[in-house]
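Results of the structural survey
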Amino acid sequence: MTPLPLVVGISGASGVIYGIRLLEILRDLAIPAHLVMSRSAEVTLAHETDLKVADVRALAAKTYAQGDIGASIASGSFRTRGMVVAPCSMRSQAEIATGVTSGLLTRAADVTLKERRRLVLMVRETPLHTGHLRTMTALSEMGAIIAPPVPAFYARPESLAEMVDHTIGRVLDLFDIDAPGVRRWRSGEG
């Protein structure tokens, strides 16, 4: 039996590596990823990596265009295990919180919330003003999990890649998906 897909949204915030690495890990775990990237994400990808949009899309089991409002992930009847937006821009966060969505990425997140499925938002902005924090609170009250990509230094990462893997592993923990690269806290360890 094929496992339910995990929807992956990549918005235009800095940190596209989180979404890319999430796709790679899901592929390695044989969990289908259904990907939607915002147009801003495509621009950010060019600034932050040497990858092309086609390279990122090739990591997913299924991809959707941002303007495809008839896509399966825009319907609650399409079963998924939930959605991760990695990274999640403040604009995407605000659209999801209000339900006033401008594209498939935020529509899919809205559907995830209405179906009471797990929605994890890796919000990427600093510093945060009160409006950002209120939006995060509203989303949390609606059932979303706000999971900024904050490194865990107790894991003593030796590289940026280890930091990214640990963060993505902790996000996948929220879906009961055990991913490599997570050093678990143990009492008495340094």
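Residues numbered from 1 in each chain as written. Predicted model: local features only at pLDDT ≥ 70, side-chain atom pairs only at ≥ 80, totals over all residues. Heavy atoms only, no water.

Looking at an unreviewed UniProt entry, one finds the protein named Flavin prenyltransferase UbiX and attributed to Methylobacterium oryzae CBMB20. In UniProt, the protein has this text filed under Function (unreviewed entry): "Flavin prenyltransferase that catalyzes the synthesis of the prenylated FMN cofactor (prenyl-FMN) for 4-hydroxy-3-polyprenylbenzoic acid decarboxylase UbiD. The prenyltransferase is metal-independent and links a dimethylallyl moiety from dimethylallyl monophosphate (DMAP) to the flavin N5 and C6 atoms of FMN." According to its UniProt record, the protein has this under Sequence similarities (unreviewed entry): "Belongs to the UbiX/PAD1 family." (UniProt positions renumbered as here; feature names shortened; annotations may be inferred.)

Quick notes on the pattern of salt bridges
Within this structure, the stated rule accounts for 10 salt bridges. Between Asp-28 and Arg-27 there is a salt bridge, with the nearest N and O atoms lying 3.4 Å from each other. Ionic pairing is found between Arg-107 and Asp-110, a salt bridge with its closest N-O pair at 3.4 Å. Taken as a pair, Arg-107 and Asp-110 lie in helix α5 (residues 104-114) at a separation of three residues, close to a single helical turn. (Salt bridge = Lys/Arg side-chain N within 4 Å of Asp/Glu carboxyl O. Helix = DSSP H or I, 4+ residues; strand = E, 2+ residues; numbered from the N terminus.)

So, empty space enclosed by the protein
One pass over the structure, following the stated rule, counts two cavities of 30 Å³ or more. In this structure, the largest cavity spans a volume of roughly 50 Å³. If you tally residues by element for the lining of the largest cavity, the top one is α5, at three residues. Among the residues forming the lining of the largest cavity, the class breakdown is five nonpolar, three polar and one charged. (1 Å grid on protein atoms, 1.4 Å probe; cavity = no way out; pocket = protein on both sides within 12 Å on 5 of 7 lines; lining within 4 Å. Points joined across faces, edges and corners; volume = space filled by probe spheres on them. Nonpolar A, V, L, I, M, F, W, Y, C, P; charged D, E, K, R; others polar.)

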